[in-house]
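Letter by letter, the chains look like this.
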Amino acid sequence: MKHFLAKHATIKHRLYSLYYTLFSYGRGLAILTLCLSCGDIISKILPIMIPGSIIGLLILFFLLAFQLIPTCWIKNSCNLFMRYMTLLFIPAAMGIMDNYSLLLQNWIPIIFGCVGGSFIVLLVTAFLTEQCHKVVPKRKDEDYQP
């Protein structure tokens, strides 16, 4: 986009830069939408309780991890979504506030669930970290360190 705004660029270069930028955003948005749609379809077909958006993210992850699509194809669109992510949480927060009376009635189990869940995650993470970082005893011939 910076080439589009450059003062020394010709009209041809500005149009090319604009078309390239729009194509880049469109391609990334199409890939993200396709992954989300595939995740929704899989979620409706399979008898599992995983939301389609999570399955779509997993599909996108595997596509990127196995390099079936290059990261440059979705980089601009993802940066755009990340820049305005806080605005995307407003509808979810308003949905929670619609059930404010329900939250007030059940605040004790909610607090215990949050604290207990966090504590369990902390313990499991500490255990797994300790298992991963166990020191293997050195052999006698490896005592020398320059």
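Computed from a predicted structure; not experimentally measured.

**Student:** Can you help me understand the nonpolar core in this one?
**Tutor:** Taken as a class, soluble globular proteins show a tendency for nonpolar side chains to be buried jointly. Formed by Ile 31, Leu 32, Cys 35, Leu 60, Ile 69 and Ile 74, the largest nonpolar core amounts to 6 residues. A total of 3 residues in this core trace back to one element, the largest contributor, which is helix 2 (residues 11-45). Setting aside anything within four residues of it in sequence, one finds Cys 35 in contact with Gly 56, Ile 59, Leu 60 and Leu 63.

**Student:** Even after reading the chapter, I still don't get the packing of helix 2 against helix 3 (residues 52-65), so can you show me in this structure?
**Tutor:** How two helices pack is summed up by the angle between their axes together with the distance between the axes. The N-to-C vectors of helix 2 and helix 3 enclose an angle of 125°; their axes lie 7 Å apart at closest approach. The orientation of helix 2 with respect to helix 3, classified from their angle, is oblique. Here helix 2 and helix 3 pass one another in a crossing that is right-handed. Touching Ile 31, Leu 32, Cys 35, Leu 36, Cys 38, Gly 39, Asp 40, Ile 42 and Ser 43 of helix 2 are Gly 52, Ser 53, Ile 55, Gly 56, Ile 59, Leu 60 and Leu 63, all from helix 3. When grouped by side-chain class, the residues that make up the contact of helix 2 with helix 3 number 10 nonpolar, 5 polar and 1 charged.

**Student:** Quick question: what am I supposed to make of the packing of aromatic side chains here?
**Tutor:** Note on aromatic pairs: each is described by the distance of the centres and the angle between the planes. In this structure the tally under the stated criterion is 3 aromatic pairs. Taking the centre distance of 6.4 Å and the plane angle of 20° together, the rings of Tyr 16 and Tyr 20 count as stacked. Residue Tyr 16 and its partner Tyr 20 are located together in helix 2, separated by 4 residues, close to a single helical turn. Judged by its relative accessible area of 58%, Tyr 16 falls in the exposed class.

**Student:** For this particular structure, what's the right way to read the packing of helix 2 against helix 4 (residues 75-83)?
**Tutor:** Across the interface, helix 2 lies against helix 4 with an axial gap of 7 Å and an inter-helix angle of 80°. Judged by the inter-axis angle, helix 2 sits roughly perpendicular to helix 4. Between helix 2 and helix 4, the residues in contact are Ser 24, Tyr 25, Gly 28, Leu 29 and Leu 32 and Asn 76, Ser 77, Cys 78, Leu 80 and Phe 81, respectively. Here the contact of helix 2 with helix 4 is composed, by residue class, of 6 nonpolar, 4 polar and no charged.

**Student:** I'm lost on helix 3 in this one. Help?
**Tutor:** An α-helical turn contains 3.6 residues, so any two residues separated by three or four positions project in the same direction. Taking 1.5 Å as the rise per residue, helix 3 with 14 residues should run 20 Å; its terminal C-alpha atoms sit 20 Å apart, in good agreement. Along helix 3, the residues that are buried comprise Gly 52, Ile 55, Gly 56 and Leu 60. Along the axis of helix 3, the buried positions cluster into a sector of 140°, meaning they face one direction only. Those residues of helix 3 hidden inside the fold are in contact with helix 2. One or two residues past the end of helix 3 sits Gln 67, with phi positive at roughly 55°.

Conventions used here
- Residues numbered from 1 in each chain as written.
- Predicted model: local features only at pLDDT ≥ 70, side-chain atom pairs only at ≥ 80, totals over all residues.
- Heavy atoms only, no water.
- Core = buried A, V, L, I, M, F, W, Y, C linked by side-chain atoms within 4.5 Å.
- Buried < 20%, exposed > 50% of the residue type's maximum accessible area, 1.4 Å probe, protein only.
- Helix = DSSP H or I, 4+ residues; strand = E, 2+ residues; numbered from the N terminus.
- Contact = heavy atoms within 4.5 Å.
- Axes fitted to C-alpha atoms, helices over the stretch in contact; angles between N-to-C directions.
- Parallel < 35°, antiparallel > 145°, perpendicular 65-115°, else oblique.
- Left-handed = near helix turned anticlockwise from the far one by under 90°.
- Nonpolar A, V, L, I, M, F, W, Y, C, P; charged D, E, K, R; others polar.
- Phe/Tyr/Trp six-rings, centres within 6.5 Å; stacked < 30°, edge-to-face > 60°.
- Expected span 1.5 Å × (residues − 1).
- Arc of directions from axis to C-beta.

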